[in-house]
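Listed here are the chains, written in short residue letters.
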Number of protein chains: 2
Amino acid sequence: MRKISLLGASGSIGVQTIEVIRQHNDQFELLAFSVGGNVKVAKELINEFSPLVVSVQTKEDCEALKLEYSSSNIRFVYGEEGLIEVATVKEADVLVNAVMGSVGLVPTLHAIECKKVIALANKETLVTAGHIVMEAARKHQVPILPVDSEHSAIYQCLQGEKEKNINTIILTASGGSFRDRTRDELIGVTREDALNHPNWSMGAKITIDSATMMNKGLEVIEAHWLFGIPYEDIQVVLHRESVVHSMVEFHDTSVIAQLGTPDMRVPIQYALTYPDRLPHPRGKRLNFMEMGKMHFEKMDFNRFRCLQYAYDAGKAGGTMTTVLNAANEVAVDAFLNGKIDFLTIETFIENAMSKHTIQMAPDLETIKEVDLDTRHYVRSLID
Amino acid sequence: MRKISLLGASGSIGVQTIEVIRQHNDQFELLAFSVGGNVKVAKELINEFSPLVVSVQTKEDCEALKLEYSSSNIRFVYGEEGLIEVATVKEADVLVNAVMGSVGLVPTLHAIECKKVIALANKETLVTAGHIVMEAARKHQVPILPVDSEHSAIYQCLQGEKEKNINTIILTASGGSFRDRTRDELIGVTREDALNHPNWSMGAKITIDSATMMNKGLEVIEAHWLFGIPYEDIQVVLHRESVVHSMVEFHDTSVIAQLGTPDMRVPIQYALTYPDRLPHPRGKRLNFMEMGKMHFEKMDFNRFRCLQYAYDAGKAGGTMTTVLNAANEVAVDAFLNGKIDFLTIETFIENAMSKHTIQMAPDLETIKEVDLDTRHYVRSLID
């Protein structure tokens, strides 16, 4: 029985993690979770899983739940402290970190110190503090198992292989909602256009990040930290079908690829069962004959500037990736709220990066400061 | 330093094995080899590698070499005994078996008993006696490393994975020289047409086997034995580009694939370096952007009857795969010598199989008898 705590149970990855747990309830047990503001989901999950610890966003929600479940032994917690409690609950073996944004970082570090296996869907943790997280994981000998389909693919391709033999990591990109539009055709696109992703059904933030290609940029930075590969050796290839989830080229010219239908439950389940695999009876199997063709195209870094910015930030290092991420979060939020145009997302990120003076090997405090400063600055551009 | 003995040094795989050894002469040492009737190649290799043992086909060639190299310590041997001596030379770690035809079987069994790692390019060894070879390998705890590009691909895909999690093995087939012809268009095709393979440069026998799709059929049987997978779970997919060398689907719906440019030196080198990889500086790297597209199509078992016969023979088991292989060898030879039409290859195999009464779990003696009987029968059809 694998005992699981889950940060972000009401989000897209969280919901699918619950599905995986449910599907294999003889293998997995949900011990603790956080739901942000979604108290309705919290109650459903409490009734289904009888967890030990439940975390919500506000003190008020927490108090209300305590009252409602006063006859139970559930520990109700809230806020950042609450997330840390979920992440470090003593009885759990593995933490699934599926929260969005930089709020996922501190709980992950605490879980690593408590020697939990980390199943990581929270990109920002590695984008803003990859050096701290990976160093902590090494020190405490904790595996960081990626839940992103691309990084899970790479992780799978690397089984039985040696890091020293890697030539290139090849991340595939579907191209997002606007892959067939020119830059001119991006002027005036709406929130609804952008949210219409061709292959994957995901949360709003990540769907916009796919449309700007920032999602792939963040993944490049994640891959750099997860696999210890220099940015020069991380390639992005446009692959419309999202069937090849990513690849690794070795120095004997062999390429190992992981493929599948787009289904986030597969990488989630892999992270929970690693190094084993369990069946996925509700999954759709790939049918190569039906599919017929797979396409691969060159990425246009001028068309998709956010991808270029991500490489630039990654190569620059230090606090620059924190700036990239924070600026992007605020800009995407502004676009989703109808305050700025689609292409202005890029402009704001570029502005924030040009303005920033890098601090190398930043500690958590510095990262937090730079994060806040950047958000403040980008918000000032909006108003 | 990996010490290598090589059966079939003058054939296509043998020559490429020598290239790999030469490329990494700080890692590999050629200790012993056989060359069949090609004494010229034997002399070149003797001068370059100063081996311990050299085997040729005939006693005459053997005596002549002994005389010519009388001042050396090289042991010259010949015939089937010679192959066994090469395969079991005490100082060698690994046997590369790259001879053609069922002559490769007995030396392989001897090498297994001497606990040599087996790098196997000789299909017939597994096709005719898979049950004996795999049982011997288990007993002596000897790894059988495939040198075929397809089986090497599968072997690579299975690293770090568990057999119990395999759903399907997906062998890719380029389709051979005649993939775009209908059966009617196969009437009267010439030896030269058939030898013009679109992707791989290989020996004559295997190129004809690719055109009839028997090569893929033999590979299906090989895969069955190498990986312990029932025939029902081995799929063949037509893939024109020969870029995906084969794939494994696991029960969580994940598919792991191995890709590369068509270059036999890669699987040869992998078998020699396993579980490590060495660089292949003269190899051509895959460029997904240049390639653009990959195609997958359904195999037509009516169009490619030999593939159907191979599945039939494999499922029937016992001596039937020996009949399949022996009938095919004689028929292909007859086609290459202009004695029969291309489509008659199929007819002869079908005839030999219909006529045969299976003996289950045959021993080596029985296999040899059935092999000879079949050859005799098919030759009688020709004359």
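Residue positions are counted from 1 within each chain, in the order its sequence is given. The naming scheme follows written order: chains are lettered A onward, ligands numbered 1 onward. Given that the model is predicted, a residue must reach a pLDDT of at least 70 before its local features are reported, and side-chain atom pairs must reach 80 or more before they are shown or counted; all residues, however, enter totals for whole chains, interfaces and linings. Hydrogens and waters are ignored; side-chain quantities use all the structure's heavy atoms.

Peer 1: Could you give an account of the nonpolar core, with specific residues and numbers?
Peer 2: We call a set of buried residues a nonpolar core when its members are Ala, Val, Leu, Ile, Met, Phe, Trp, Tyr or Cys and they connect through side-chain atoms within 4.5 Å of each other. In this scheme, a residue with accessible area under 20% of its type's maximum is buried, one over 50% is exposed, and one in between is partly exposed, where area comes from a 1.4 Å probe on protein chains only. A:Phe33, A:Leu324, A:Phe342, B:Phe33, B:Leu324 and B:Phe342 are the most contacted members of the largest nonpolar core, which has 253 residues in total. It only takes one pair of heavy atoms within 4.5 Å for two residues to be counted as in contact. What B:Leu324 contacts, discounting residues up to four positions off in sequence, is B:Met214, B:Leu218, B:Ile221, B:Tyr309, B:Ala310, B:Ala313, B:Ile349 and B:Met353. Of all hydrophobic cores here, the second largest spans 24 residues; its members include A:Ile170, B:Val244, B:Met247 and B:Val255.

Peer 1: Before we move on, could you go through the relation of the copies chain B and chain A and cite the residues and values that matter?
Peer 2: Rotating chain B by 180° and moving it 0.0 Å along the rotation axis overlays it on chain A with an RMSD of 0.0 Å. The operation mapping one copy onto its partner corresponds to a two-fold rotation axis. Most of the interface of chain B is mirrored in chain A, where 100% of its interface residues again form contacts. The least-squares superposition of copies is restricted to C-alpha atoms, and to residues with a pLDDT of at least 70 in both copies.

Peer 1: Can you tell me about the domain arrangement of chain A, naming the residues and giving the values?
Peer 2: Residue and element names in this part refer to chain A. Bear in mind that the domain bounds are from an automatic or database domain assignment. Domain annotation of chain A identifies domain 1 (2-146) and domain 2 (151-316). Taken over C-alpha atoms, the centre of domain 1 sits 25 Å from the centre of domain 2. The partner domain 2 presents 29 residues to the 27 residues of domain 1 that form the contact. Two parts placed together each lose some accessible area under a 1.4 Å probe, and the buried area is that loss summed for both. For the pair domain 1 and domain 2, the two sides together bury roughly 2,500 Å², of which 70% comes from carbon and sulfur.

Peer 1: Report on helix H9 (residues 204-212) of chain B, specifying residues and quantitative values.
Peer 2: All names here are of chain B. Most of H9 sits out of view: seven of its nine residues are buried. What H9 keeps buried is the set Lys205, Thr207, Ile208, Asp209, Ser210, Ala211 and Thr212. Only DSSP runs of H or I covering at least 4 residues are called helices, and only runs of E covering at least 2 are called strands; the numbering of each starts at the N terminus. Of the surrounding secondary structure, the elements contacted by the buried residues of H9 are helix H6 (123-139), helix H8 (191-194), helix H10 (214-227), helix H13 (305-316), helix H14 (320-336) and helix H15 (342-355). Immediately downstream of H9, the backbone of Met213 shows phi near 75°, a positive value.

Peer 1: Explain the side chain of B:His151 to me, using residue names and the numbers behind them.
Peer 2: Relative to the helices and strands, B:His151 resides in helix H7 (residues 149-157). In this structure B:His151 touches B:Pro146, B:Glu219, B:Glu222, B:Ala223, B:Leu226 and B:Phe227, once residues within four positions along its chain are discounted.

Peer 1: Residues and numbers for the interface of chain B and chain A, please.
Peer 2: Taken together, the contact pairs 48 residues of chain B with 48 residues of chain A. Of the roughly 4,100 Å² buried at the junction of chain B and chain A (both faces included), carbon and sulfur atoms supply 53%. Salt-bridge detection follows one rule: a side-chain nitrogen of Lys or Arg within 4 Å of a carboxyl oxygen of Asp or Glu. Remark: the boundary between chain B and chain A carries eight salt bridges. A salt bridge links A:Glu161 to B:Arg277, with the shortest nitrogen-to-oxygen separation between them at 2.7 Å. Polar contacts, as counted here, are pairs of nitrogen or oxygen atoms within 3.5 Å of one another; within protein the pair requires one atom able to donate a hydrogen and one able to accept it, and residues that are adjacent in sequence qualify only if both atoms are side-chain atoms. There are 28 residue pairs in polar contact (both at pLDDT 80 or more) connecting chain B and chain A. Looking at the side of chain B that touches chain A, the elements with two or more residues in it are strand E8 (166-173), strand E9 (234-238), strand E10 (244-250), strand E11 (255-259), helix H11 (265-273), helix H12 (288-291), strand E12 (293-295) and strand E13 (297-298) of chain B. Per-element tally for the side of chain B that touches chain A: the top contributor is E11(B), with five residues.

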